[in-house]
Amino acid sequence: MESDLNKAYYKSERKTDWRDKLRKEIKSKDRANLTRVRMPEADPNIRNKSNIEVNKGLTLEMALKESHRCLDCVVPTCINGCPVGTNIPKFVKYLELGDIAGAAKVLKENNSLPAICGRVCPQEIQCEAECTYVKKMSKEGAAIGYLERFVADYDRENGESTLPTMAKPNGIKMAVVGSGPAGLTVAGELAKFGYDVTVFEALHDLGGVLKYGIPEFRLPKSIVDFEINTIKQMGVKFVTNFIVGKTATIEDLRNEGFMAFFIASGAGLPNFMNIPGENFSGIQSANEYLTRVNLMHGSNKNYDTPVHSGKNVVVVGGGNTAMDSVRTAKRLGAERAIIMYRRSQEEMPARAEEIKHAMEEGVEFINLTSPIEYFADDKGHVNKMKVQKMELGEPDASGRRRPIAIEGSNFEIDVDTVVIAVGVSPNPIIQQSMPELEITKWNTIKVDEHMMTSVEGIFAGGDIVRGGATVILAMGDGRKAAKGMHLYAQSEVMAEA
Amino acid sequence: MFKIIDKEFLSENVAKLVIEAPYIAKSRKAGHFIILRINENGERIPLTISDADIEKGTITLIVQRVGVSSHKLCAMNIGDIILDVVGPLGKATRISKVGTVLCAGGGVGVAPLFPIVQAMKLAGNRVVIVLAARNKDLVILEDKMREYSDELIIMTDDGSKGKKGLVTQGMEEVIEREKVDEAIVIGPAVMMKFAALTTKKYNIPTLASLNTIMVDGTGMCGACRVSVGGKTEFVCVHGPEFDAHKVNFDEMLSRLNAYKDKETANYQEYLKELELVLSN
């Protein structure tokens, strides 16, 4: 969070004439009496058979009305809730003024992927949770996420999209490993500082989890490509099919003139539960299932990649990835698409919106239940699972109540597809090729306050540092790392001079 | 963009492709593999690197026509472009001087065996090779293997070349005759299963290089998982080589068939379309 440094700046900006004038146009009391806008959504029984985006986005009229709810507070606590420090009141007030291009410019100052964040950020526990309405008035927070999405979409669709202000090219080469949210953020920031940036991506397509993980109905791929194109227009180069640590080592790239590196290779290895029968075919990780569908177009018969998605699908887990998987299964024709979670709905890490959407679409929830064994037909394909009821005990290290098995509560469910979405562990490839890189006991890479690893000039961020986290936290790391890399490069240049 | 520089058929259904991939040519070691995608609609398929030329910046792949993707790949010609090639993937073979190394290759598994044979020989080992195939037309890389070995035994199912019999018979002949310090087996899963049972009888440390179904090949999806000594391992990042005596080959065989119905149906459809095109 960078807002502490900026308090004075926010205050002075709030006092600019146009904002003073806007505030005076409508009384705070009247603003507070407006009801929060509702996001228009596609019909659940239509959308669960197609890939259309579920949230349709606000109309201009709805967005303007919602912008009036923002009180333009003296202390903009909402900014504290944003991992990339977006100047929220400023963009919302530009919107209220009707200057959408101005609002978009404010968003882009701190965030190179606003149309993505407006869709996938958990605003309800970030900016919107810090809104004065929530904190002091027991009202629903300003719909900051919806407005962010509206402004970014409007700006994109109306061709007014402009590049951010760029420093003069300095000719210094910087390498970014991975083109997911953390990598894209660093690339964009470093390009703004004037660096010659190359992003190396292991897969054949760019975007990382934004492409292989998050489904089309939640984040259209055309939007991801648009944001990546903007970064390309800023001069960033992208190399696909290139695994740093394998295709070439960091040392090789240093010899090719790269001064500093940012490792954002993501959370690689999917976790399994190590229970009997888990390796039967038809049982797959959420990463495999979603990659086959999203990246490889496995459900489209014009593509060669097959995917197992049957009539009775159980997805094990309660996070956003589990929701993405189960909603995908429904769309691929599952008659029963079931979430199986070992705690209760209250403890589910998935966003409330995802759970609500899944329920509307006909997903069944079997909570307080956990698999203990799988069975297969004579071809080795899963056909049944044995599960066990759980009850909640005392809170564990995560602060959530620990699930405890209830003896004698076993029962069986017929299944033909199982998706395991119980988290991921960091990808081991970079560490395998660089033993000098210090790692934690969870195999994540250790970094200092500038996101620099134990090896000078090598920075890291996103899931390879955090384990499994969110898009916006990865982006926050990216912004911090870009500053760290800028400082590092400056000191290197000084030392050489 | 990865250009095909050279291509020839080693047998009716096995093609050798030389592909421009300078970075991979430079960084690959024995045991490594790549993943490729022919075109925008293609699937990602893992193939072991059979050879490389650093100066020319090329890698050599050997492909057997078994399904849609391999058929399409075998139909590509010199000058054609493969859209995506990524690697080298997996851990390299640990090469050291151990004494006598018995290398057994079955079918197209002989291709990935070659760089290991080469490295083992250059490390100063006595290298004895058993090459197995159904018949004489399917024996590949014989001359190259001979060049880097002290002895080469060929086994064919029908006796049309070398000796008649299975790979395990050739292996036992060697094991009963001389002290073998290490064995490496690469081939179809069934062949590796029985080759591993054979060396286990004699307590010979044995490596098997596994070729499972993969999607990304970088540890992300877990499609390639196998049980090794009761523990789940990912072939792409923990392998592809494992202690052959600990691999659960039956589970691996079953997982290799995970998409068989769909694959067979797609292949039949593809062949039918191909016939239509040809007859027109």
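Just so it is clear, the structure is predicted and the values come from calculations on it, not from any experiment. (Residues numbered from 1 in each chain as written. Chains lettered and ligands numbered in written order. Predicted model: local features only at pLDDT ≥ 70, side-chain atom pairs only at ≥ 80, totals over all residues. Heavy atoms only, no water.)

1. Some points on the overall build of chain B
And then number 1: On a plain count of helices and strands, chain B comes out with nine helices and 16 strands.
And then number 2: Against the compact-globule benchmark of 19 Å for 280 residues, chain B has a radius of gyration of 18 Å, which places it among compact chains.
And then number 3: Here chain B, with 280 residues, has 57% of them falling under the buried criterion.
And then number 4: When the accessible surface of chain B is split by element, carbon and sulfur atoms take 51% of a total near 12000 Å². (Helix = DSSP H or I, 4+ residues; strand = E, 2+ residues; numbered from the N terminus. Rg over C-alpha atoms; globule rule 2.2 N^0.38 Å. Buried < 20%, exposed > 50% of the residue type's maximum accessible area, 1.4 Å probe, protein only. Areas by Shrake-Rupley, 256 points an atom, 1.4 Å probe, with all protein chains shown as cover.)

2. A look at the confidence of the model for chain B
Low pLDDT means the predicted atomic positions in that stretch should not be read closely.
Residues and elements named next belong to chain B.
And then number 1: The predicted model of chain B averages 93 in pLDDT, with 100% of residues at 70 or higher.
And then number 2: Highest mean pLDDT in chain B belongs to strand β16 (residues 241-243) (97); lowest belongs to helix α9 (residues 260-279) (83).
And then number 3: The complex model carries a pTM of 0.93, and its ipTM stands at 0.93. (pLDDT = per-residue confidence, 0-100.)

3. Description of a nonpolar patch on the surface
Residue and element names in this part refer to chain B.
And then number 1: A cluster of nonpolar side chains, Val 190, Phe 194 and Leu 197, forms an exposed patch at the surface whose accessible area comes to about 270 Å².
And then number 2: Mapped onto the elements of the fold, Val 190 is located in helix α6 (residues 189-201).
And then number 3: Exposure remark for Val 190: the relative accessible area of 42% places this residue in the partly exposed category. (Patch = residues over 30% accessible without salt bridge, like charges linked within 9 Å, V, L, I, M, F, W, Y side chains within 5 Å. Salt bridge = Lys/Arg side-chain N within 4 Å of Asp/Glu carboxyl O.)

4. Some words on the interface of chain A and chain B
And then number 1: Listed as interface residues are 41 residues of chain A and, on the opposing side, 45 residues of chain B.
And then number 2: Each partner contributes to the roughly 3600 Å² buried at the junction of chain A and chain B, and carbon and sulfur atoms together form 52% of this total.
And then number 3: Counting the surface chain A buries against chain B, the share from its top three residues, Lys 246, Asn 279 and Asp 304 of chain A, is 20%.
And then number 4: Inspection of the chain A/chain B interface yields two salt bridges. (Contact = heavy atoms within 4.5 Å. Buried area = accessible area lost by both parts, 1.4 Å probe.)

5. Here's the deal with helix α2 (residues 17-25) of chain A
Residues and elements named next belong to chain A.
And then number 1: Arg 19, Leu 22 and Arg 23 are the residues of α2 that are buried. Projection of α2 onto a plane perpendicular to its axis shows the buried side chains occupying an angular sector of 100 degrees, all on one side. Turned more than 90 degrees from where α2 packs its buried face, Asp 17, Lys 21, Lys 24 and Glu 25 sit exposed. (Arc of directions from axis to C-beta.)

6. A look at the side chain of Arg 149 of chain A
Residues and elements named next belong to chain A.
And then number 1: With respect to the helices and strands, the residue Arg 149 is situated in helix α11 (residues 144-157).
And then number 2: In this structure the side chain of Arg 149 is engaged in a polar contact, spanning 3.1 Å, whose partner is the side chain of Glu 53.
And then number 3: Arg 149 has contacts with Met 39, Glu 53, Asn 55, Lys 56, Gly 57, Gly 118 and Arg 119, leaving out every residue within four places of it along the chain. (Polar contact = N/O pair within 3.5 Å; in protein donor to acceptor, adjacent residues only side chain to side chain.)

7. A few points about the sheet that holds strand β11 (residues 163-164) of chain B
What holds strands together in a sheet is hydrogen bonding between their backbones, with the strands either parallel or antiparallel.
All names here are of chain B.
And then number 1: The strand order across the open sheet built from seven strands is β11-β10-β9-β8-β12-β13-β16, with neighbouring strands paired in mixed fashion. Where the open sheet ends on each side, the last strands, each with one partner, are β11 and β16.
And then number 2: Examined bridge by bridge, strand β9 (residues 126-133) and strand β10 (residues 151-156) share six bridges and lie parallel to one another. Bridge pairing in β10 links Leu 131 to Ile 154.
And then number 3: Across the sheet, α6 lies against β8 (100-106), β12 (182-186) and β13 (206-209), angled at about 165 degrees from β12, the strand it touches most. (Pairing = 2+ DSSP bridges. Axes fitted to C-alpha atoms, helices over the stretch in contact; angles between N-to-C directions.)

8. Some thoughts on the pattern of salt bridges
When their charged atoms lie close together, side chains carrying opposite charge are able to pair.
Residues and elements named next belong to chain A.
And then number 1: What the rule picks out here adds up to 60 salt bridges over all chains.
And then number 2: In this structure, the salt-bridge partner of Arg 47 is Glu 360, at a minimum N-O distance of 2.7 Å. Of this pair, Arg 47 sits in helix α4 (residues 44-47) while Glu 360 is found in helix α18 (residues 352-360), placing the two residues 313 residues apart along the sequence.
And then number 3: Across the salt bridge formed by Glu 361 and Arg 47, the nearest N and O atoms sit 2.6 Å from each other. Of this pair, Glu 361 sits in the loop between α18 and β9 (364-367) while Arg 47 is found in helix α4, placing the two residues 314 residues apart along the sequence. In terms of burial, Glu 361 and Arg 47 fall into one category: buried.
And then number 4: One salt-bridge network, in which partners are shared between bridges, spans Glu 41, Arg 47, Arg 218, Asp 324, Arg 327, Arg 331, Glu 354, Lys 356, Glu 360 and Glu 361.

9. As for α18 of chain A
Residues and elements named next belong to chain A.
And then number 1: Within α18, the full set of buried residues consists of Glu 353, Glu 354, Ile 355, His 357 and Ala 358.
And then number 2: At its buried positions, α18 is contacted by α4, α11, α17 (320-331) and β9.
And then number 3: Of the residues flanking the end of α18, it is Gly 362, one or two places downstream, whose phi is positive at about 95 degrees.

10. Some remarks on the environment of Phe 411 of chain A
All names here are of chain A.
And then number 1: Looking at the element boundaries, Phe 411 is found in strand β13 (residues 411-414).
And then number 2: Along the backbone, Phe 411 and Phe 459 are 48 residues apart, and their C-alpha atoms lie at a distance of 49 Å.
And then number 3: The residues touching Phe 411, leaving out its near neighbours within four places in the chain, are Thr 369, Met 385, Lys 386, Val 387 and Lys 389.

11. Section: the packing of helix α7 (residues 88-97) of chain A against helix α8 (residues 100-110) of chain A
Residues and elements named next belong to chain A.
And then number 1: At their nearest, the axes of α7 and α8 sit 7 Å apart, and the two run at 170 degrees to each other. Taken together, the axes of α7 and α8 lie roughly antiparallel to each other. Classified by chirality, the crossing of α8 by α7 is left-handed. Side by side, α7 and α8 meet where Lys 90, Phe 91, Tyr 94 and Leu 95 of the first sit next to Ile 100, Gly 102, Ala 103, Val 106, Leu 107 and Glu 109 of the second.
And then number 2: Of the residues contributing to the contact of α7 with α8, the split by class is seven nonpolar, one polar and two charged. (Parallel < 35°, antiparallel > 145°, perpendicular 65-115°, else oblique. Left-handed = near helix turned anticlockwise from the far one by under 90°. Nonpolar A, V, L, I, M, F, W, Y, C, P; charged D, E, K, R; others polar.)

12. Considering the sheet that holds strand β5 (residues 58-64) of chain B
All names here are of chain B.
And then number 1: In spatial order, the strands read β6-β1-β2-β5-β4-β3-β7; together these seven strands make up an open sheet with antiparallel pairing. Two strands close off the open sheet at either side, each with one partner strand: β6 (81-82) and β7 (84-89).
And then number 2: Running over the sheet, helix α3 (residues 110-122) touches β4 (45-53) and β5 and is turned about 40 degrees from β4.

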